[in-house]
Amino acid sequence: MKKIKIGQIGIGHNHGEAKLLAVRKFPELFEVVGYAEENERWIEKRGNNKGYEGLPRLSVEELIARSDAVLLESDVWDLTKYAKMCVDAGKHMHMDKPASGTLEEYKYVLDTAKAKDLVVQLGYMYRYNPAVLRCFEHIKNGDLGEIYSINAEMSTYHPTDYKKWLTNFGGGIMYILGSHLVDLIVYMMGEPKRITTFLKHTGLDGVDFEDNNLAVLEYDKALARIYVSSVEVNGYGRRQFMVSGSRGTVNICPMEQPTVMTYADTAMGGGTYADVKTTVPFELDAADSRYDGMMQDFYAYIMGTKKNPFTYEHDYLVQKVLDEIVGGVRFHGTNID
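Below or above, wherever it landed, is the structure these notes cover. These numbers were taken from a predicted model, which means no experiment stands behind them. (Residues numbered from 1 in each chain as written. Predicted model: local features only at pLDDT ≥ 70, side-chain atom pairs only at ≥ 80, totals over all residues. Heavy atoms only, no water.)

1. Description of a nonpolar patch on the surface
Reasoning step 1: A contiguous nonpolar patch, built from Tyr157, Leu204 and Val233 and spanning about 290 Å² of accessible area, is present on the exposed surface.
Reasoning step 2: Looking at the element boundaries, Leu204 is found in the loop between strand E7 (194–200) and strand E8 (212–218).
Reasoning step 3: Given the relative accessible area of 31%, Leu204 is considered partly exposed. (Patch = residues over 30% accessible without salt bridge, like charges linked within 9 Å, V, L, I, M, F, W, Y side chains within 5 Å. Areas by Shrake-Rupley, 256 points an atom, 1.4 Å probe, with all protein chains shown as cover. Salt bridge = Lys/Arg side-chain N within 4 Å of Asp/Glu carboxyl O. Helix = DSSP H or I, 4+ residues; strand = E, 2+ residues; numbered from the N terminus. Buried < 20%, exposed > 50% of the residue type's maximum accessible area, 1.4 Å probe, protein only.)

2. Things to note about the packing of aromatic side chains
Reasoning step 1: Within the structure shown, the criterion is met by 11 aromatic pairs.
Reasoning step 2: Taking 5.8 Å as the distance between ring centres and 80 degrees as the angle between the ring planes, the aromatic pair formed by Phe30 and Tyr299 counts as edge-to-face. Of this pair, Phe30 sits in strand E2 (residues 30–36) while Tyr299 sits in helix H9 (residues 292–303); the two residues are 269 residues apart in sequence, bridging distant segments of the chain.
Reasoning step 3: With 6.0 Å between their ring centres and 20 degrees between their planes, Phe169 and Tyr175 make a pair best called stacked.
Reasoning step 4: For Tyr175, a relative accessible area of 0% puts it in the buried group.
Reasoning step 5: An aromatic cluster is present here, built from Trp77, Tyr162, Trp165, Phe169, Tyr175 and Phe331 joined pairwise through their rings. (Phe/Tyr/Trp six-rings, centres within 6.5 Å; stacked < 30°, edge-to-face > 60°.)

3. Describing the sheet that holds E8
Reasoning step 1: An order of E7-E8-E9-E6-E10-E11-E12-E13 is seen for the 8 strands of this open sheet, with the pairing classed as mixed. Edge positions in the sheet fall to E7 and strand E13 (278–282), since each of these pairs with one other strand and no more. Pairwise comparison of adjacent strand axes, ignoring direction, gives a mean angle of 10 degrees for this sheet.
Reasoning step 2: Where strand E12 (residues 259–265) and E13 come together, 5 bridges link them in antiparallel fashion. Note on E13: the bridge partner recorded for Thr262 is Thr279.
Reasoning step 3: Here helix H8 (residues 173–189) sits on the sheet and contacts strand E6 (147–153), E7, E8, strand E9 (223–229) and strand E10 (240–245); the angle it forms with E9, its principal contact strand, is near 160 degrees.
Reasoning step 4: Against the sheet, helix H10 (residues 312–325) contacts E7 and E8, and its axis sits at roughly 50 degrees relative to E7. (Pairing = 2+ DSSP bridges. Axes fitted to C-alpha atoms, helices over the stretch in contact; angles between N-to-C directions. Contact = heavy atoms within 4.5 Å.)

4. Considerations on the packing of helix H1 (residues 16–24) against H9
Reasoning step 1: The geometry of H1 relative to H9 is characterised by a closest axis approach of 9 Å and an angle of 65 degrees between their N-to-C directions. The chirality of how H1 crosses H9 is right-handed. Counted together, Lys19, Ala22 and Val23 of H1 and Asp292, Met294 and Met295 of H9 form the full contact between these two elements.
Reasoning step 2: For the contact of H1 with H9, the per-class residue count stands at 4 nonpolar, no polar and 2 charged. (Left-handed = near helix turned anticlockwise from the far one by under 90°. Nonpolar A, V, L, I, M, F, W, Y, C, P; charged D, E, K, R; others polar.)

5. Side note on helix H5 (residues 103–115)
Reasoning step 1: With 13 residues, H5 should cover 18 Å at 1.5 Å per step; its first-to-last C-alpha distance of 18 Å lies within 8% of that length.
Reasoning step 2: Along H5, the residues that are buried comprise Leu103, Tyr106, Val109, Leu110, Thr112 and Ala113.
Reasoning step 3: Where H5 is buried, its residues touch helix H4 (79–88), strand E4 (92–95), strand E5 (120–122) and H10.
Reasoning step 4: Following H5 by one or two positions, Asp117 has its phi on the positive side, about 60 degrees. (Expected span 1.5 Å × (residues − 1).)

6. A look at the environment of Tyr148
Reasoning step 1: Relative to the elements of secondary structure, Tyr148 occurs in strand E6.
Reasoning step 2: Relative accessible area serves as the criterion here: at 36%, Tyr148 is assigned to the partly exposed category.
Reasoning step 3: Spatially, the C-alpha atom of Tyr148 lies 33 Å from that of Met295, the residues being 147 residues apart in sequence.

7. Looking at the nonpolar core
Reasoning step 1: Counting residues in each nonpolar core, the largest one holds 104 residues, and the members touching the most others are Leu72, Leu217 and Phe241.
Reasoning step 2: Looking at this core, the element that brings in the most residues is H8, giving 11 residues.
Reasoning step 3: Leave out the neighbours within four places in its chain, and Leu217 touches Ile185, Pro192, Arg194, Ile195, Ala222, Leu223, Ala224, Ile226, Val321 and Ile325. (Core = buried A, V, L, I, M, F, W, Y, C linked by side-chain atoms within 4.5 Å.)

8. Quick look at unusual backbone geometry
Reasoning step 1: Residue Pro98 follows Lys97 across a cis peptide bond; omega there is -15 degrees.
Reasoning step 2: At the junction of Cys253 and Pro254, the peptide bond is cis and its omega measures out at -5 degrees in the coordinates.
Reasoning step 3: Structurally, the position occupied by Pro254 is in the loop between strand E11 (248–252) and E12.
Reasoning step 4: Although it is not a glycine, Asp205 sits at a positive phi angle of roughly 65 degrees.
Reasoning step 5: As for its placement among the helices and strands, Asp205 is situated in the loop between E7 and E8.
Reasoning step 6: Judged by its relative accessible area of 42%, Asp205 is partly exposed.
Reasoning step 7: Phi at Asn234 takes a positive value of approximately 60 degrees, unusual for a residue other than glycine.
Reasoning step 8: Checked against the element boundaries, Asn234 lands in the loop between E9 and E10.
Reasoning step 9: On the basis of relative accessible area, Asn234 is assigned to the exposed category, the value being 54%.

9. Looking at the sheet that holds E2
Reasoning step 1: Taken together, the 5 strands give an open sheet; going across it, the order is E2-E1-E3-E4-E5, and neighbouring strands pair in parallel fashion. Of all the strands in the sheet, the pair left with one neighbour each is E2 and E5. Across the sheet, the axes of successive neighbouring strands diverge by a mean angle of 20 degrees, strand direction being ignored.
Reasoning step 2: As paired elements, strand E3 (residues 69–72) and E4 share 4 bridges and run parallel to each other. Directly across from Leu72, in E4, lies its bridge partner Met95.
Reasoning step 3: Running over the sheet, H1 touches strand E1 (4–9), E2, E3 and E4 and is turned about 155 degrees from E2.

Read these as geometric descriptors, not functional statements.
Here is the structure:
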């Protein structure tokens, strides 16, 4: 089995170390050449973390030159900058989310990758959630009929330091967490006809940013609601993705640890006011991370044994919709503290 030489640019993204730890679980697939980080503050904060043990620290240019593929895990505002360097050098890349730069810069990255037949995998973790994948199957098979409603919630009760970091982003928590839900909804429904947003500032803990947010995406017959909050007690335990159509409903809640899905369709009967559904628990291997399947797929995409269902055009549309939701303002600042 051919090994892919891989390196990581940036250690500042919140998912960065976990991605590299996942890669290092599969030495039969990947040969890790090292990591690069241009910000010394991140070296002070995370340079001694387990994920980077025993790996050489290289310059960005050296890492790209030595690698067949690159994990882009820098500060969010630098992702597209490094992505451009990778595609210009002809390297496959896993790019964390959401994209930075302008839409035009991001389009250049995706268009160049497509022209060179380079793999671009975005780090939207719920693409690999087993219940979400089952939901995709139900939609593809027509089990749910015509989709009328999606209710997506991804909230957390964040500590003060994390909320201060979120002040960097236009749209606050909507930009960081809402992007995951935009990804799934756009994959299922395409581009919305209209977007209406409500970006609220609670000021809890003296931190002023968009921490209590709702977006409504309108389609011809369907409504998709995205709610994300940094101030919801037990928000993590109540993360939800519900899809309802003319023939059935899938409801995933909670989405992780544990992942639980209920399924109901008209064939089950039970009457108008009866709660008739099937619970579908997912038994996950405790040793498996969010990212194991993602990294295995990245290898398969590069080797050509599997096709990425999330196209370059899809990834661009996700960013376009997200930009509209947050009003086109991506960043207020670039403070890692």
